[in-house]
Amino acid sequence: MYEQVSHSLLNDILIALKPEIKNQKLQHFYTRLGANFYAIHSLFCSLYGARPDFKKQMQHLVETMAKQYISRPAYLKKTDLAREKDHNWFLSQEWVGMALYCDNFADNLSGMHNKLHYLQDLGVNLVHIMPIADCPEGKSDGGYAVRDFRKIDSRFGSLKDLDSLASDLRKRGMLLTLDIVVNHTSDEHVWAKKARAGEKEYQDYYFIFGDRQMPDMYEETMPEVFPETAPGNFTWDEEMGKWVMTVFNHYQWDLNYQNPAVFIEMLDIVLYWANHGVDILRLDAVAFLWKKLGSNCQNEREAHQILQLMKDCCQVTAPGVLFIAEAIVAPNEIIKYFGEDAINAKECEIAYNATFMALLWEAIATKRTTLLNRGVRCLPDKLERATWLNYVRCHDDIGWGFSDVDIVAAGYDPQSHRRFLVDYYTGNYDDSIARGLAFGINKKTGDARISGSLASLAGLEAAIEANNQDEIEAAIKTIVLLQSMTMAFGGIPLLYYGDAIGTLNDDSYLNDAAKFDDNRWIHRPLMNWDKAAKRKQPGTIENRIFTAIRNMIAVRKETAAFADRNNRELISMDNPHLFAFSRFDVLNASSKVLVVGNFDINPQSFELAPMLKMGFFRNGSFKSLCSGETFLTSVATVEVPARSFLWLQT
Ligand code: GLC
């Protein structure tokens, strides 16, 4: 019955299409629309069905998809077809990413061409260029307070520069990732300006209230994201004389997806960038997309419906494009951004593995893997056609988002353990030489997150200052160990620019009035190309880190077991300092890799007999994939040096 309604609505919509759309050759569009219409209609109806203008909005939605399909360049339509055929293409072990700011890395977009060889030297073939859309200077939140979604900020270049970079990347077989800030706009966006000027149509794009009644009710249950610099979730707009919901900074106005016009506008923007050759769109802050009184306004069911709808619509117009969910939330919530009760991702194909990232840092601080093992074991199973973005550092802070239940099961008290981690990474702990800063300190809850570069958090900065060779050695090992885990875990490893050459904290942000109160800038430095050149000088710190990572990337790409086919099994090692798992080649299950990381500062070993029983190393010998060293299975135990890893294969 419902399907019939949906079909007849589709017919009505197609008949009513504007002539400039109807007269085009839209073969694949119609096929894909037919295949996805039932889902699109049900979702749109569930979100907006009660509105009297529902049918009109639905018509507008389909026309938006059709128009963008018409403007989608032929070469991208070809890529769509190829990716539809090889639909698991992104699960391959061949992909390795890096996130970077194009201005800090290469002055601007056109400067990027001359730096691609650096990425290729390392083996990186997926580039996430941090936000480049137009933002007001000084009120940009690092690019996440967008004034014009379709315009590139002149500091970075022009649309022509981006097109040329996208084409260069494509020729080199590299993927381009860009951000779409779907949750909010800058208060200087034209929609915000019109709202401020009193236009009701645009006030409905946001959450705007004449008095404190509703804001106060929302505040009862909404947490604060930036408690120090932007407390509360509402901002008084003097000119409008009203309160606006601003979950992040005061100048970032939350979009109201209860209004279908907002959804359609944002879909149009998603498809616009898809048509500029972006392979993967990082959807920012997706957990916040739906606000509901009485809740913490995160991870709401409707937020998932919005993403499903976005995905289904994108499948019709630009099916080759993938979404990354940036949802830094509890482990059992993150996984839902792939979609639930499905085999293939139905929301975002890729999600940040924030849980694994935080667990890795926890294991470094405690030198034990109890919580890491427990946290990974408790990660719910991922869908088949979906993958993680595994990372050690990114442009944001590190939050201790693992579950309290797991912390208790690992033998710690949640509050004091999180406090210990903050103390450890800010160097306020006996044996810690980490140089992080506490970020987002919440005086009410006692929570805090951590800023700092990978190298400085790993102790390299303090070690260099003290000219302590042993500590330098230990810091390099820590960095390489952490990266070895993200390379092998299953998913796409995402490096952060500067980390492959041991870039330290940069406190120059303190001299910038627009940045000094946000210490995440300590790990968003200018790329130091003189330092990068040292990667070619044997024995330098840069050379040691860079070559180790380059080697891991090369080995990863050659090792089919590292493709992400949900082919990982945790292995219990009976040693509280080791973290071990196996990866197997789905086409040849006997081809297994045993990954072992030692998080302790002393060597640790494991017995071989249980591994042999589990079916590892049947051929009498095995080798370390990264060093090439061979071992005989006649040895009783295998030693893993301090803060080191092994990838072992028969
Ligand atoms: C995302 C970004 C972060 C930004 C926030 C608000 O979490 O990664 O940098 O501050 O969204 O846009």
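Anyway, here's the lowdown on the structure attached to this text. (Residues numbered from 1 in each chain as written. Predicted model: local features only at pLDDT ≥ 70, side-chain atom pairs only at ≥ 80, totals over all residues. Heavy atoms only, no water.)

1. A closer look at the overall build of the chain
So, step 1. Within the chain, the secondary structure is distributed over 24 helices and 25 strands.
So, step 2. Compactness check: the chain gives a C-alpha radius of gyration of 25 Å against a globular reference of 26 Å for 650 residues, within 12% of the reference.
So, step 3. Expressed as lengths along the three principal axes of its C-alpha atoms, the size of the chain is roughly 75 × 55 × 50 Å.
So, step 4. Across the 650 residues in the chain, those meeting the buried criterion constitute 61%.
So, step 5. Considering only residue pairs separated by 6 or more positions, the chain has 72% of its internal contacts joining residues 24 or more positions apart.
So, step 6. Of the roughly 25200 Å² of accessible surface on the chain, 49% is carried by carbon and sulfur atoms. (Helix = DSSP H or I, 4+ residues; strand = E, 2+ residues; numbered from the N terminus. Rg over C-alpha atoms; globule rule 2.2 N^0.38 Å. Buried < 20%, exposed > 50% of the residue type's maximum accessible area, 1.4 Å probe, protein only. Contact = heavy atoms within 4.5 Å. Areas by Shrake-Rupley, 256 points an atom, 1.4 Å probe, with all protein chains shown as cover.)

2. Topic: unusual backbone geometry
So, step 1. A positive phi angle, close to 60 degrees, is found at D574, a residue other than glycine.
So, step 2. Relative to the elements of secondary structure, D574 occurs in the loop between β18 (568-571) and β19 (578-585).
So, step 3. Classification of D574 as exposed rests on a relative accessible area of 79%.
So, step 4. Even without glycine at this site, R643 takes up a positive phi of about 45 degrees.
So, step 5. Relative to the assigned elements, R643 resides in the loop between β24 (637-640) and β25 (645-649).

3. A short note on the state of the cysteines
So, step 1. By the definition in use, this model includes zero disulfides.
So, step 2. Looking at the unpaired C102, the closest cysteine sulfur is the one in C135, lying at 12 Å.
So, step 3. C314 takes part in no disulfide bond, and the closest cysteine sulfur to it belongs to C313, at a distance of 8.6 Å. (Disulfide = S-S within 2.5 Å.)

4. Concerning the site of the ligand
So, step 1. Looking at the ligand, the residues that line it are D141, Y144, H184, F226, F248, Q252, R282, D284, E326, H395, D396 and R520.
So, step 2. A distance of 2.5 Å separates an oxygen atom of the ligand from a polar side-chain atom of D396.
So, step 3. Protein contact buries 95% of the 310 Å² of open area that the ligand shows by itself.
So, step 4. Each residue belonging to the shell around the ligand can be placed in one class, and the counts come to three nonpolar, three polar and six charged. (Near = heavy atom within 4 Å. Polar contact = N/O pair within 3.5 Å; in protein donor to acceptor, adjacent residues only side chain to side chain. Nonpolar A, V, L, I, M, F, W, Y, C, P; charged D, E, K, R; others polar.)

5. Examining the sheet that holds β18
So, step 1. What the six strands build is an open sheet, ordered β18-β19-β20-β25-β22-β23; its pairing is antiparallel. Two strands in the sheet have a free side with no partner beyond their single neighbour: β18 and β23 (630-632). The sheet shows a mean angle of 25 degrees between the axes of neighbouring strands, direction not considered. (Pairing = 2+ DSSP bridges. Axes fitted to C-alpha atoms, helices over the stretch in contact; angles between N-to-C directions.)

6. Describing the nonpolar core
So, step 1. The biggest cluster of nonpolar side chains holds 213 residues, and the ones touching the most others in it are Y257, F263, M266 and W647.
So, step 2. Here the element with the most residues in this core is helix α12 (residues 260-274); it accounts for twelve residues.
So, step 3. Counting 17 residues, the second largest nonpolar core, distinct from the first, contains A580, F606, L608 and L646. (Core = buried A, V, L, I, M, F, W, Y, C linked by side-chain atoms within 4.5 Å.)

7. Quick word on the environment of P136
So, step 1. Mapped onto the fold, P136 is located in the loop between β3 (133-134) and β4 (148-152).
So, step 2. On a C-alpha basis, the gap between P136 and T559 in space is 46 Å, while along the polypeptide they are 423 residues apart.
So, step 3. Once you skip the residues sitting within four places of it in the chain, P136 turns out to touch A145, R147, S186 and E188.

8. Considerations on the side chain of E461
So, step 1. Locating E461 in the fold gives a position in helix α20 (residues 460-465).
So, step 2. Contacts of E461, omitting those with residues within four sequence positions, involve R435, A455, S456, L504 and N505.

9. Observations concerning the side chain of N353
So, step 1. Structurally, N353 can be placed in the loop between β13 (350-352) and α15 (354-366).
So, step 2. Overall, N353 belongs to the buried group, its relative accessible area being 0%.
So, step 3. Of note is the side chain of N353, whose polar atom sits 3.0 Å from the side chain of N390.
So, step 4. Here N353 is in contact with L379, W388, L389, N390, Y391 and F489, once residues within four sequence places are set aside.

10. Focus: the pattern of salt bridges
So, step 1. Using the criterion set out here, one finds 42 salt bridges in the structure.
So, step 2. In this structure, D204 engages K200 in a salt bridge whose closest nitrogen and oxygen atoms are separated by 2.9 Å.
So, step 3. Between K336 and E333 there is a salt bridge, with the nearest N and O atoms lying 3.4 Å from each other.
So, step 4. Taking the relative accessible area as the measure of exposure, E333 reaches 19% and is therefore buried.
So, step 5. Linked through salt bridges whose partners overlap, the residues forming this network are D134, K139, R147, D187, E188, R196 and D237. (Salt bridge = Lys/Arg side-chain N within 4 Å of Asp/Glu carboxyl O.)

11. Brief notes about the packing of aromatic side chains
So, step 1. For the structure on display, the rule yields 44 aromatic pairs.
So, step 2. Relative to F439, the ring of F226 lies with its centre 6.1 Å away and its plane at 75 degrees, an arrangement referred to as edge-to-face. Note that F226 is positioned in the loop between α11 (213-219) and β8 (234-237) and F439 in strand β15 (residues 437-439), a separation of 213 residues in sequence. An identical accessibility class is assigned to F226 and F439; each is buried.
So, step 3. A centroid spacing of 6.4 Å and a plane angle of 45 degrees characterise the contact between F356 and F579, whose relative ring orientation is tilted. Note that F356 is positioned in helix α15 and F579 in strand β19, a separation of 223 residues in sequence. In terms of burial, F356 and F579 fall into one category: buried.
So, step 4. Aromatic rings pair up to connect Y101, F105, Y118, Y496, Y497, W521, W529 and F546 into one cluster.
So, step 5. Positioned over the ring face of W529 is K115, at 4.2 Å from the centre of the ring. (Phe/Tyr/Trp six-rings, centres within 6.5 Å; stacked < 30°, edge-to-face > 60°. Lys NZ or Arg CZ within 6 Å of the ring centre and 35° of its normal.)

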